[in-house]
Amino acid sequence: MTAPDEVLSRLKDTVGAKGFSIDPGEIAPHLEEWRSKYHGHSPLLLKPATTAEVSAVLRICNETGTAIVTQGGNTGLVGGQIPLHGEVLLSTKRLNRLRGIDDGTVTAEAGVTLAQIQQAATERNSLFPLSLASEGSCTIGGNVATNAGGTHVLRYGMTRALVLGLEVVLANGTVLPMLRALQKDNSGYDLKQLFIGSEGTLGVITAACLRLFPRPDVAVTALAAVPSPQAAVALLCVMQSHTGGMLSAFELIPRIALEFVARHIEGTRDPLAAPSPWYVLMEATGGAHANLAASFEDGLAAAFASDLASDAVVASSVAQAAALWKLRESISESQKREGRLDQARHRRAGGGHPRVPGQGRTGGAGRGAWRAGRSASAIWETAISISISIHQALVTIRPSWHNGKRCNTRCMTSSRNSAARSAPSTASG
Ligand SMILES: Cc1cc2nc3c(=O)[nH]c(=O)nc-3n(C[C@H](O)[C@H](O)[C@H](O)COP(=O)(O)OP(=O)(O)OC[C@H]3O[C@@H](n4cnc5c(N)ncnc54)[C@H](O)[C@@H]3O)c2cc1C
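All of these numbers come straight from a predicted model, not from anything done at the bench.

Cut-offs applied
Residues numbered from 1 in each chain as written. Predicted model: local features only at pLDDT ≥ 70, side-chain atom pairs only at ≥ 80, totals over all residues. Heavy atoms only, no water. Pairing = 2+ DSSP bridges. Helix = DSSP H or I, 4+ residues; strand = E, 2+ residues; numbered from the N terminus. Contact = heavy atoms within 4.5 Å. Axes fitted to C-alpha atoms, helices over the stretch in contact; angles between N-to-C directions. Core = buried A, V, L, I, M, F, W, Y, C linked by side-chain atoms within 4.5 Å. Buried < 20%, exposed > 50% of the residue type's maximum accessible area, 1.4 Å probe, protein only. Patch = residues over 30% accessible without salt bridge, like charges linked within 9 Å, V, L, I, M, F, W, Y side chains within 5 Å. Areas by Shrake-Rupley, 256 points an atom, 1.4 Å probe, with all protein chains shown as cover. Salt bridge = Lys/Arg side-chain N within 4 Å of Asp/Glu carboxyl O. Phe/Tyr/Trp six-rings, centres within 6.5 Å; stacked < 30°, edge-to-face > 60°. Lys NZ or Arg CZ within 6 Å of the ring centre and 35° of its normal. Near = heavy atom within 4 Å. Polar contact = N/O pair within 3.5 Å; in protein donor to acceptor, adjacent residues only side chain to side chain. Nonpolar A, V, L, I, M, F, W, Y, C, P; charged D, E, K, R; others polar. Domains from an automatic or database assignment. Parallel < 35°, antiparallel > 145°, perpendicular 65-115°, else oblique. Left-handed = near helix turned anticlockwise from the far one by under 90°.

This next bit is on the sheet that holds strand β3 (residues 68-71). Strands sit in the order β1-β2-β4-β3 across an open sheet of four strands; the sheet is mixed. Two strands in the sheet have a free side with no partner beyond their single neighbour: β1 (20-21) and β3. As paired strands, strand β2 (residues 45-46) and strand β4 (residues 88-91) are joined by two bridges and run parallel to one another. Considered in β4, the bridge of Leu-46 is made with Leu-90. Seen against the sheet, helix α3 (residues 51-64) touches β2, β3 and β4 and runs at an angle of roughly 155° to β3.

Laid out in structure tokens, this is it:
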């Protein structure tokens, strides 16, 4: 499917010397996806720096029937950004300007990374709530194109809910200027919605106008052990009710994901005393005047009382909250490393198709089959890693909690039965 030389020359002329590469060394990182599952090839990497250049590129591609793939930060996990059939590759990395920011909105070009937008919002004491583990590399154009979710969908919605306006170039080069910042807008069709989640199939997003929110003053973060997903759903209702709907994150995590993280990611550990089949990482955020910590702890106490949770750890510092979030945000990375380990084990054992944890096998039968298939040494490694984690958790997280101010803080560090009736303690756990 490689385009003729004459077309490639026209495309190069359109973007100028800085706007393209045919250097295999420079193109190579754009051809492989993050988990090394998809590999592509391309004769030409285009790096347009303006909307006008994107428009000119697409017009030529349209005229000549040249296939093109758009790529942002190349963090997508399903290979949509990889030129699998030798397409021309269009990178948005040079569309990297913040066009404007005020207290309620930020307008950024497609290649600005999510972390840069978060930082720009923070500098104005505002919040851009989209948050993904890939935020240092993924771009806002990619986030909009994939309608990314992340960890704060519960309070703020998917990316779709954060977009006020878009600038898009259609396949024939037409620029759709839809960069409106107006929230209360009922003027006819909302065309931008078509492009959110369209993964580059309908056009190239060149800029987005996004909503900003007030920055919360207080955050309460906890990891709770729950017996089942059903209990987690009930726990969500209990916590929302006790905090007046202030939960901003509520992430269900299976035990196996925590095992992978503890095994592969340096500086992580299981902070709870005993393994549980499921965990919930939750966070409530609000203003300085809301008594959020107290209502959060009351919610947890109610959850213990009705067997919705068996144990929990509440962060008592920003560092502890970050440590809990690291468990969640490292899941993708740990899956990748576990997958490689599993492939290597299979190769050594002379096995056939390696299994990829977390891929294509869901539900009890699949998971059971996968676990049963693991080698005894793998299970042993996991057991060691858990016991080390418990030890480290006891000496690092628990003491600082026990300096907690509320008497039921201790209840949440230990199991419901032993905890609830303990007096506040200064013991170091
Ligand atoms: C560690 C890790 C954690 C992740 N966590 C999450 C998560 O919690 N939630 C989640 O939703 N995703 C998650 N992802 C997936 C990924 O980060 C998101 O899908 C992200 O939105 C992709 O952005 P990108 O800039 O890297 O896009 P790319 O990977 O470059 O592209 C993704 C798709 O969007 C298209 N595209 C990119 N830019 C444009 C544009 N300007 N115009 C039109 N189409 C475009 C591409 O053609 C492709 O189809 C995670 C990935 C990793 C590696």
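Counting 29 residues, the largest nonpolar core has Ile-117, Phe-128, Ile-140, Val-144, Leu-166 and Leu-210 as the members making the most contacts within it. Of all elements in the fold, only β6 (105-109), α4 (114-123), α5 (140-146), β8 (163-170), β9 (175-178) and β10 (203-211) reach the threshold of two or more residues within this core. Excluding residues that lie within four positions of it along the chain, Leu-166 makes contacts with Val-144, Leu-176, Pro-177, Met-178, Leu-179, Lys-192, Phe-195, Ile-196, Ile-205, Ala-207 and Ala-208. Counting 23 residues, the second-largest nonpolar core is a separate cluster that includes Val-280, Leu-292, Leu-308 and Val-314.

Another point: a nonpolar patch on the surface. There is a patch of nonpolar side chains on the surface, built from Tyr-189, Leu-191, Leu-194 and Leu-202 and spanning about 480 Å² of accessible area. Positionally, Leu-194 belongs in helix α7 (residues 192-195). Given a relative accessible area of 52%, Leu-194 falls into the exposed group.

What follows covers the sheet that holds strand β14 (residues 278-286). Read across the sheet, four strands follow the order β13-β14-β12-β15 without closing on themselves; strand pairing throughout is antiparallel. Two strands lie at the open edges of the sheet, namely β13 (247-254) and β15 (311-314), each paired on one side alone. Looking at each pair of strands side by side, their axes are set apart by 15° on average, direction ignored. Alignment of strand β12 (residues 218-226) against β15, held across four bridges, turns out to be antiparallel. Bridge assignment links Leu-223 to a residue of β15, and that residue is Val-313.

This model, assessed by the stated rule, comprises one aromatic pair. Consider the rings of Tyr-156 and Phe-213, whose centres lie 4.9 Å apart with planes at 70°: the pair is edge-to-face. You can see Tyr-156 sitting in helix α6 (residues 153-156) and its partner Phe-213 sitting in strand β11 (residues 213-214), a full 57 residues away along the chain. This pair shows no difference in class: Tyr-156 is buried, exactly as Phe-213 is. The aromatic ring of Trp-34 is capped on one face by Lys-336, whose charged end is 4.4 Å from the ring centroid.

Thr-70, Thr-75, Gly-76, Ser-134 and Thr-139 are the nearest of the 32 residues found near the ligand. Within the backbone of Gly-76, one N or O atom sits 2.7 Å away from an oxygen atom of the ligand. At a separation of 2.7 Å, an oxygen atom of the ligand approaches a polar side-chain atom of Thr-139. Considering every element that reaches the shell around the ligand, the biggest residue donor is α5, with five residues. Class assignment for the residues of the shell around the ligand results in 10 nonpolar, 21 polar and one charged. Both domains that meet at the shell around the ligand, namely domain 1 (5-91) and domain 2 (98-214), each give it at least three residues.

Below, the discussion takes up the pairing of β12. Most of β12 is tucked away, with seven of its nine residues classed as buried. Note: β12 against β14, nine bridges, orientation antiparallel. Residue Ala-224 lies in a different strand from β14, and its bridge partner there is Val-280.

Look at helix α9 (residues 255-264) against helix α12 (residues 331-348): their axes get within 8 Å of each other, and the N-to-C directions meet at 80°. Considering their axes alone, α9 and α12 lie roughly perpendicular with respect to each other. In contact with Ala-257, Phe-260, Val-261, Arg-263 and His-264 of α9, α12 contributes Ile-331, Ser-334, Gln-335, Arg-337, Glu-338, Leu-341 and Arg-345. Grouping the constituent residues of the contact of α9 with α12 by class yields five nonpolar, three polar and four charged.

Let us now look at the environment of Ala-115. Take Ala-115: it is sitting in helix α4. Taking the relative accessible area as the measure of exposure, Ala-115 reaches 27% and is therefore partly exposed. Between the C-alpha atom of Ala-115 and that of Ile-140, which follows or precedes it by 25 residues, the distance is 9.3 Å. Ignoring anything within four residues of it in the chain, the contact list for Ala-115 reads Glu-135 and Gly-136.

On to unusual backbone geometry. Excluding glycine, residues mostly carry a negative phi; peptide bonds, for their part, are mostly trans. Located in the positive-phi region is Asn-125, a residue other than glycine, with phi close to 55°. Within the secondary structure, Asn-125 sits in the loop between α4 and β7 (126-127). Even without being glycine, Asn-147 reaches a positive phi, approximately 50°. Along the chain, the position of Asn-147 falls in the loop between α5 and α6. Since its relative accessible area comes to 14%, Asn-147 is described here as buried.

Further remarks concern α9. Here α9 lies mainly inside the structure; 10 of its 10 residues are buried. Listed in full, the buried residues belonging to α9 are Arg-255, Ile-256, Ala-257, Leu-258, Glu-259, Phe-260, Val-261, Ala-262, Arg-263 and His-264.

Moving on to the packing of helix α8 (residues 229-243) against helix α10 (residues 292-305). At a closest axis distance of 8 Å, the pairing of α8 and α10 adopts a crossing angle of 145°. In terms of crossing hand, the pair formed by α8 and α10 is right-handed. Every residue of α10 that contacts α8 at Leu-235, Val-238, Met-239, His-242 and Thr-243 is listed here: Leu-292, Ser-295, Phe-296, Asp-298, Gly-299, Leu-300, Ala-302 and Ala-303. Class assignment of the residues belonging to the contact of α8 with α10 gives a composition of eight nonpolar, four polar and one charged.

On their own, these measurements won't tell you what the molecule is for.
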